[in-house]
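# What the coordinates show
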Amino acid sequence: MSDETQKTNAKAYWKATIRLTVSLLIIWFAVSYGAGILFREFLDQFSIGGAPLGFWFAQQGAIYVFVALIFYYCWAMARLERKFGVEG
Amino acid sequence: MDWTLFFVATTFALYIGIAIWARAGSTNDFYVAGHDVHPVVNGMATAADWMSAASFLSMAGLIAFMGYGGSVYLMGWTGGYVLLAVLLAPFLREFGKFTVPDFVGDRYYSTAARLIAVLCALFVSFTYIAGQMKGVGVAFSGFLGVEFNVGIGIGMVIVFFYAVLGGMKGVTYTQVAQYCVLIFAYTVPAIFMSIIITDNPVPQLGFIGNMAGEDISMLDKLNKTVTDLGFLEYTQTDKSMFDMFAITGALMFGTAGLPHVIIRFFTVKSAKAARISAGWALVFIALLYTAAPAVGSFARINFIDTVNEATYIQDGEDYATRAAEIKADGGKPIPEWYGYWEKTSLIGFEDKNGDGKVQFRGPNPPDGNENEVIPFSADIHVLANPQIANLPCWVIGLVVAGGLAAALSTAAGLLMVISSAVSHDLCKRTFFKDMDDKTELLVARGAAAGAVLAAGLLGVFASQLGFVAQVVAFAFGLAAASLFPIIFLGIFWKRMNKEGAIASMLFGLISTFAYIYYFKFVDTDPTNWFLGVSPEGIGFVFMWFSISIGIIVAMLTPAPPQSIQDLVEDIRVPGTRVSHGAADAEMPPA
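Note on numbering: residues in each chain are counted from 1, in written sequence order. Written order determines the labels here, with chains lettered from A and ligands numbered from 1. For a predicted model such as this one, the threshold for reporting local features is a pLDDT of at least 70, and the threshold for listing and counting side-chain atom pairs is 80 or more; totals across whole chains, interfaces and linings nevertheless cover every residue.

Across its full length, chain B holds 25 helices and 2 strands. A globule of 590 residues ought to have a C-alpha radius of gyration of about 25 Å, and chain B, at 25 Å, matches this closely. Burial in this document is a count-based property: other C-beta atoms within 10 Å of a residue's C-beta are tallied, and the residue is buried at 20 or more, exposed at 12 or fewer, or partly exposed in between, with C-beta positions derived from the backbone. Looking at chain B as a whole, 59% of its 590 residues qualify as buried. Partitioning the intrachain contacts of chain B with sequence separation of at least 6 by distance along the chain shows that 80% fall at a separation of at least 24. Each helix is a run of DSSP H or I of at least 4 residues and each strand a run of E of at least 2, with the numbering of both proceeding from the N terminus. We compute the radius of gyration over the C-alpha atoms and compare it with the globule rule, which gives 2.2 Å times the number of residues raised to the power 0.38. Contact criterion: two residues are in contact if their C-beta atoms, reconstructed from the backbone, are within 7 Å.

When you go through chain A residue by residue, the secondary structure sums to 3 helices and 2 strands. By its C-alpha atoms, chain A is 60 × 20 × 15 Å across when sized along the principal axes. The buried share of chain A, reckoned over its 88 residues, is 35%. Considering only contacts within chain A whose residues lie at least 6 apart along the sequence, 51% involve residues at least 24 apart.

Residue and element names in this part refer to chain B. Under the domain assignment used here, chain B contains domain 1 (2-299 + 393-465) and domain 2 (300-388). Segment limits for the domains were obtained from an automatic or database-derived domain assignment. The distance between the C-alpha centroids of domain 1 and domain 2 comes to 33 Å. Among the elements of the structure, helix 4 (53-66), helix 8 (148-198), helix 10 (218-228), helix 14 (292-307) and helix 19 (393-431) are those that each provide at least two residues to the side of domain 1 that touches domain 2. No other element matches helix 4, which puts 7 residues into the side of domain 1 that touches domain 2. Under the scheme applied here, ten amino acids are nonpolar (Ala, Val, Leu, Ile, Met, Phe, Trp, Tyr, Cys and Pro), four are charged (Asp, Glu, Lys and Arg), and all others, including Gly, are polar. Taken together, the residues of the side of domain 1 that touches domain 2 sort by class into 16 nonpolar, 7 polar and 1 charged.

Before going further, it helps to examine the nonpolar core. Residue and element names in this part refer to chain B. By size, the foremost hydrophobic cluster in this structure holds 233 residues, and its most contacted members are Leu182 and Leu415. Broken down by element, this core gets its largest block of residues, 22 residues, from helix 8. When residues of this core are sorted by domain, at least three fall in each of domain 1 (2-299 + 393-465) and domain 2 (300-388). For leucine 415, the contacting residues outside a window of four places in its chain are Val159, Ala163, Ala448, Ala451, Val452 and Ala455. By definition, a nonpolar core groups buried Ala, Val, Leu, Ile, Met, Phe, Trp, Tyr and Cys residues that connect through C-beta atoms lying within 7 Å of each other.

Quick look at the interface of chain A and chain B now. On the chain B side, the residues contacting the 35 residues of chain A number 39 residues. Secondary-structure elements contributing two or more residues to the side of chain A that touches chain B are helix 1 (3-38), strand 2 (51-52) and helix 3 (53-83) of chain A. At 16 residues, the largest contribution of residues to the side of chain A that touches chain B is made by helix 3 of chain A. In terms of residue class, the side of chain A that touches chain B is made up of 25 nonpolar, 8 polar and 2 charged.

The next subject is the environment of phenylalanine 476 of chain B. Residue and element names in this part refer to chain B. Looking at the secondary structure, you find phenylalanine 476 in helix 21 (residues 468-492). Among the residues examined, phenylalanine 476 registers 30 C-beta atoms within 10 Å and is labelled buried. Between the alpha carbons of phenylalanine 476 and phenylalanine 253 there is a distance of 7.9 Å; along the sequence they are 223 residues apart. Excluding its chain neighbours within four sequence positions, the residues that come into contact with phenylalanine 476 are Ala250, Leu251, Gly254 and Gly539.

A few words now on the environment of isoleucine 549 of chain B. By the secondary structure assignment, isoleucine 549 of chain B is in helix 23 (residues 538-556). Other than its neighbours up to four places away in sequence, isoleucine 549 of chain B contacts Ala503, Ser504 and Phe507 of chain B.

Once that is clear, we can look at the confidence of the model for chain A. Averaged over every residue, the pLDDT of chain A is 91; residues scoring 70 or more account for 95%. For every residue, the predictor assigns a confidence score, pLDDT, that lies between 0 and 100. Between the elements of chain A, mean pLDDT differs from a low of 90, seen in strand 1 (residues 47-48) of chain A, to a high of 95, seen in helix 3 of chain A.

Turning our attention to unusual backbone geometry. Most peptide bonds are trans, and most residues other than glycine sit at a negative phi. Residue and element names in this part refer to chain B. Cis geometry marks the peptide bond from isoleucine 374 to proline 375, where omega comes out at -10°. Within the secondary structure layout, proline 375 lies in the loop between strand 2 (357-358) and helix 17 (380-383). Despite not being glycine, histidine 35 shows a phi value in the positive range, around 55°. You can see histidine 35 is positioned in the loop between helix 2 (27-32) and helix 3 (39-50). One non-glycine residue, tyrosine 109, lies in the positive phi region at around 35°. Summarising the element assignment, tyrosine 109 is placed in the loop between helix 6 (100-107) and helix 7 (111-143). Take tyrosine 109: there are 19 C-beta atoms within 10 Å of it, and that puts it in the partly exposed class.

Turning our attention to the confidence of the model for chain B. For chain B, mean pLDDT is 89; residues scoring 70 or higher make up 98% of the total. In the model output, the complex is listed with pTM 0.92 alongside ipTM 0.95.

Here we come to the environment of valine 32 of chain B. Residues and elements named next belong to chain B. By the element assignment, valine 32 lies in helix 2. In this structure the C-alpha to C-alpha distance between valine 32 and valine 417, which are 385 residues apart in sequence, comes to 11 Å. With residues up to four places along the chain from it excluded, the contact list for valine 32 reads Phe98, Met168, Phe266 and Thr267.

So, on to helix 3 of chain B. Between its first and last C-alpha, helix 3 of chain B extends 16 Å over 12 residues, near the 16 Å set by a 1.5 Å rise per residue. Taken together, the buried positions of helix 3 of chain B are Pro39, Asn42, Gly43, Met44, Ala45, Thr46, Ala47, Ala48, Asp49 and Trp50 of chain B. Helix span is expected to be 1.5 Å times the residue number reduced by one.

Quick look at the structure:
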């Protein structure tokens, strides 16, 4: 691979990384600050098992989603690295 | 108490054994465990590094007491790992050096920036470590009958072994052992309690399940119980929404900016490994953090059940005979552990209405009775938990060993930050640049030994002042407002320069310090808070100012040299790292 294509690849890779990062952070924000704090009262009218939904997000749900987000990030980044020919 | 001694002695012997096995042979071993720790192993070590005496001993109690308001700790102290994984850890690993000031100093081509970062790292770590040493002292004096200061002394000797001998390598493997001890010690009582209260062996499911043998959900029952006593509903809070928001933010961004957490990700092989490792760290942390709210709510129910309206038994009376008498009269005797914990002044009893029974009440009791459990510390919910739930004797011993593991593992991680700040950032990178590796390793060991001593003294000192809980807010606020912004901008904004970084760090450091100090120690009236934000949450607000100031100053001053901009582009792409000019001249990346 020539230096030039490597540079363009790196640029495209970084752009894709930023896009992925921003989408993950939107979800990160939505489940914690969103469901757990800002819209908690609205969500509390629903329930999951015996817990009000907003309360549950604040004490349990957000944490489960965080774990899933990081593993998805690892998987998606590995895919980006293959796609742009960047070694991981 | 025999079980306690057994568990503590066994686990301590294990830690010393690991320390002797994992000795460091070079600075590379000492600072970053040779860069070759397996991602899952590092995840486990990070979890122990991160979960401190506060997570283990205090958090569930705080949640029990604060109900929904306690969610700030749960979301804040886990959500930070998402930020670490996607914004910082892989890029800092790709950068490939030993410490956080290494990154700040080299990326911003400035000794001043390096020194300010050292100051931030030292300040954050010392405030944090005081709490850990205090936790060690409390565990020893509360459960083994050892004097507080002697307890701290024993803790210091143990940490000394693996931090001084093994450096990061020793710390890593003892942290793995400590994680196993602490998660086992946390989960066993949680499972017992979940079975007793909800009939479900999984605490996370019991939390959303029904009361055992009743047709009402555990949380509904708890809400009813606490409102009957005049407390706020468990699933509500009296904190303002903005304050909840700000505290959660300060804890999240603070977590991501804490040096002792960041350096753990320098110990893995690559940027890719750092990402995976962050995921595993959060899995291991989540095992405790999703159990904690269950433990908190169960403990609240248990405490009220056993204590409220129980007939008090005086210290001088024979407990067994008196309890039998009360039972024969159809009454409920106060449990025996109550008297035991009264000695620690965590709880007490003032018989205000003179009926000989303990009325436990909140601020607005509907029946007009006054609260008689005075003093009352939320810590009791976790510390006395095994006794409250009548769990077997060995479980108590396990909890003590777990609390010590949590405190010691975090203390060790902090010691690594402190010693590397002195031997590496100050000596090797700033004042004695031509020091060879052998001398640096010797200085690092000396610095670690000195740091152990200082931490012990701080623990003793802090316990006398009793302000540890207060200063922990410092650590997170400062990390969020001073370290996070410049590391983040240093990776994501090429144009960020030395002047911007210095302005941003100084603003974050000074403003956060001043605000917390002022509202914790000078004017403690919450109505004067800026935007209604508590000192715990102010780091989040000042972080945005700090980022803005950094950007504005950078725009008004010259762009960083081309070699620095190349460096930033380089660390964004994994596996391509080469040396870039002055930034890597003194210390090549690895």
